[in-house]
Amino acid sequence: SSNNSISYNTINVTSGAPGDGILLNADATANNLTYNKVFTTDNGIRLYTSVNNTIANGNITCTDDSCESIDIDNNANATLLNMTFNQSEIAWGTLGTKNNITIQWYVRANVSWDNGTVIQGAFVNISNATNPNPTATNRPMYSNLATDASGLTGWNLVTQFIGNNTFNNSFN
């Protein structure tokens, strides 16, 4: 099924009842999963032949050592935005299939002196996984962001991780 929204659920998969907390299967595309909490002994979210899905503002908690937070297989992809889960618990599926996960966060910088006094008008540069090594010819993704009267920049979308079956690039 495609173009669905699944929001504000608490899902529990308990021991002795294997299964996926959330399964997007059989060409499920362009679905939005937001504010879901998954507690599981198996797979938190399984993506199988499922593309262009966004999973945001939730968390996945594995309660068993053999659990996978994300199980992605058979040419699936998804963007995870502001998701809390153990990133070492990603199962990449069958070799030879093109699976991809992009992990993104909304971030902002807080600039202050050692004594806690905020600094208004400070300039901040933010880089991400698509631009890890800023140089004179390779600028940060966000340059010269000025802090406001509270010492904060505005919110910015950055990519922490881009991964697939053969290449994983993480910039924490």
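Residues numbered from 1 in each chain as written. Predicted model: local features only at pLDDT ≥ 70, side-chain atom pairs only at ≥ 80, totals over all residues. Heavy atoms only, no water.

### Some details on the overall build of the chain
The following threshold applies: Here a helix means four or more residues in a row that DSSP labels H or I, a strand means two or more in a row labelled E, and each is numbered from the N terminus. The buried label goes to any residue with under 20% of its type's maximum accessible area, the exposed label to any with over 50%, and the partly exposed label to all in between, with areas taken from a 1.4 Å probe on protein chains only. A contact between two residues is defined here by any heavy atoms of the two lying within 4.5 Å. Accessible areas in this description were obtained via Shrake-Rupley with a 1.4 Å probe; residue shielding takes into account the shown protein chains only.
For the chain, the count of helices and strands is zero helices and 16 strands. Here the chain, with 172 residues, has 40% of them falling under the buried criterion. Sequence separation of 24 or more characterises 54% of the internal contacts of the chain that already satisfy a separation of 6 or more. As displayed, the chain offers around 9,200 Å² of accessible surface, 48% of which is attributable to carbon and sulfur atoms.

### Considerations on unusual backbone geometry
The backbone of D27 sits at a positive phi, close to 65°, despite the residue not being glycine. If you trace the backbone, D27 turns up in the loop between β3 (20–24) and β4 (32–34). In this structure, N57 is a non-glycine residue whose phi angle is positive, near 55°. Structurally, the position occupied by N57 is in the loop between β7 (53–56) and β8 (59–62).

### Describing the sheet that holds β8
Applicable threshold: Strand pairing requires that DSSP identify at least two bridges connecting the strands. What counts as an axis is a line fitted to C-alpha atoms, over the stretch in contact for a helix, and the angles between N-to-C directions run from 0 to 180 degrees.
In spatial order, the strands read β2-β5-β8; together these three strands make up an open sheet with parallel pairing. Each edge of the sheet is formed by a strand with only one pairing partner; in this case those strands are β2 (10–13) and β8. Geometrically, the sheet is characterised by an average inter-axis angle of 10° between neighbouring strands, direction not taken into account.

### Description of the nonpolar core
Cut-off, in case you're wondering: Only buried residues count toward a nonpolar core, which is a set of Ala, Val, Leu, Ile, Met, Phe, Trp, Tyr and Cys residues joined through side-chain atoms within 4.5 Å.
In this structure, L47, I55, I70, L80, F85 and I101 are the most contacted members of the largest nonpolar core, which totals 23 residues. Counting residues per element, the ones that place at least two in this core are β2, β3, β6 (43–48), β9 (68–73), β10 (77–81) and β12 (100–107). Leaving out residues up to four positions away in the same chain, I70 has contacts with I45, L47, I60, L80, F85, E89, I90, A91 and I101. The next biggest cluster of nonpolar side chains, apart from the first, holds nine residues, and it includes A109, I119, V124 and I126.

### As for the environment of A149
Along the chain, the position of A149 falls in the loop between β14 (142–146) and β15 (156–164). The class for A149 is exposed, based on a relative accessible area of 55%. A149 has contacts with V118 and Q120, leaving out every residue within four places of it along the chain.

Any link to function would need more than the numbers given here.
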